[in-house]
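Here's the letter readout for the chains.
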Amino acid sequence: MSIRLVLFDLDGVLVDYDRHQRVRLLAEALGQPHGTVQALLFNNGAGLEDQYDAGDIDTAAYLAAIGDALGCRMGADAWCSARKAAMRIPDAVVQAVESVAARCDIGVLTNNGALVHEHWTTLLPALSPLHGRVLCSGMLRASKPQGAIFERALVHFGHRAEDTLFLDDNADNVAGARNAGLHAEQVLRPGDFAAILAAYGMA
């Protein structure tokens, strides 16, 4: 087979992400209780984070809503600082991304709001080959595992489903990609995808 595009998920594939740490750091920066920030953002799938990731609200409305709810100023800098500190890039990832980028197109497809796209170089400067090639569910107004998000990503990158390999840590997202016609494989641990790439002739 000939793979012309490799799409990586972000959290759990390219980075080891600790959401609890992110919420704790953001709460400390805003001078708010951890539980208050946790409930505001997530609230069992009905919080501001979920609305933002789905594209129901844009970045300005998301940040303003957090600030209004907590009675403080919420800026992108505080958001980025907490998000960045909550991510760790496994040692093998940078080299693997650079190697794949030398062979074919690459991109990121993640269930996140647009701030991840807008501040990629601040959040993950070591993954510079992916700069400008990050698609977030909030931008596409569709989320994995919905078929629409894969269709829109393929249109954006200009590749066919059968020429695309998608890597995700979530089995449902992998199944959704396969249903959309992509090659898709599950990554069991962050950064642990060398064998998958090799099996597709990408290592």
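Please refer to the structure higher up on the page.
The rules we used
Residues numbered from 1 in each chain as written. Predicted model: local features only at pLDDT ≥ 70, side-chain atom pairs only at ≥ 80, totals over all residues. Heavy atoms only, no water. Helix = DSSP H or I, 4+ residues; strand = E, 2+ residues; numbered from the N terminus. Rg over C-alpha atoms; globule rule 2.2 N^0.38 Å. Buried < 20%, exposed > 50% of the residue type's maximum accessible area, 1.4 Å probe, protein only. Contact = heavy atoms within 4.5 Å. Pairing = 2+ DSSP bridges. Axes fitted to C-alpha atoms, helices over the stretch in contact; angles between N-to-C directions.

### As for the overall build of the chain
Phase 1: The helix and strand tally for the chain stands at 12 helices and seven strands.
Phase 2: Relative to the compact-globule value of 17 Å for 203 residues, the chain shows a C-alpha radius of gyration of 17 Å, a close match.
Phase 3: Each principal axis of the C-alpha atoms in the chain carries an extent, and together these give about 55 × 35 × 25 Å.
Phase 4: Within the chain, the fraction of its 203 residues that count as buried is 48%.
Phase 5: In the chain, once contacts between residues fewer than 6 apart in sequence are set aside, the share between residues at least 24 apart is 65%.

### Details of the sheet that holds strand S7 (residues 183-186)
Phase 1: Taken together, the five strands give an open sheet; going across it, the order is S5-S4-S1-S6-S7, and neighbouring strands pair in parallel fashion. Two strands bound the open sheet, and with one partner strand each, they are strand S5 (134-136) and S7. Adjacent strand axes in the sheet meet at a mean angle of 20°, parallel and antiparallel pairs treated alike.
Phase 2: Note: strand S4 (residues 105-110) against S5, three bridges, orientation parallel. When the sheet's bridge partners are listed, Val108 is paired in S5 with Val134.
Phase 3: Along the sheet, helix H10 (residues 147-157) contacts strand S1 (5-8), S4, S5 and strand S6 (164-168); its crossing angle with S4, the most-contacted strand, is approximately 150°.
Phase 4: Packing against the sheet, helix H11 (residues 171-179) makes contact with S6 and S7, and its axis sits at approximately 170° to S7.

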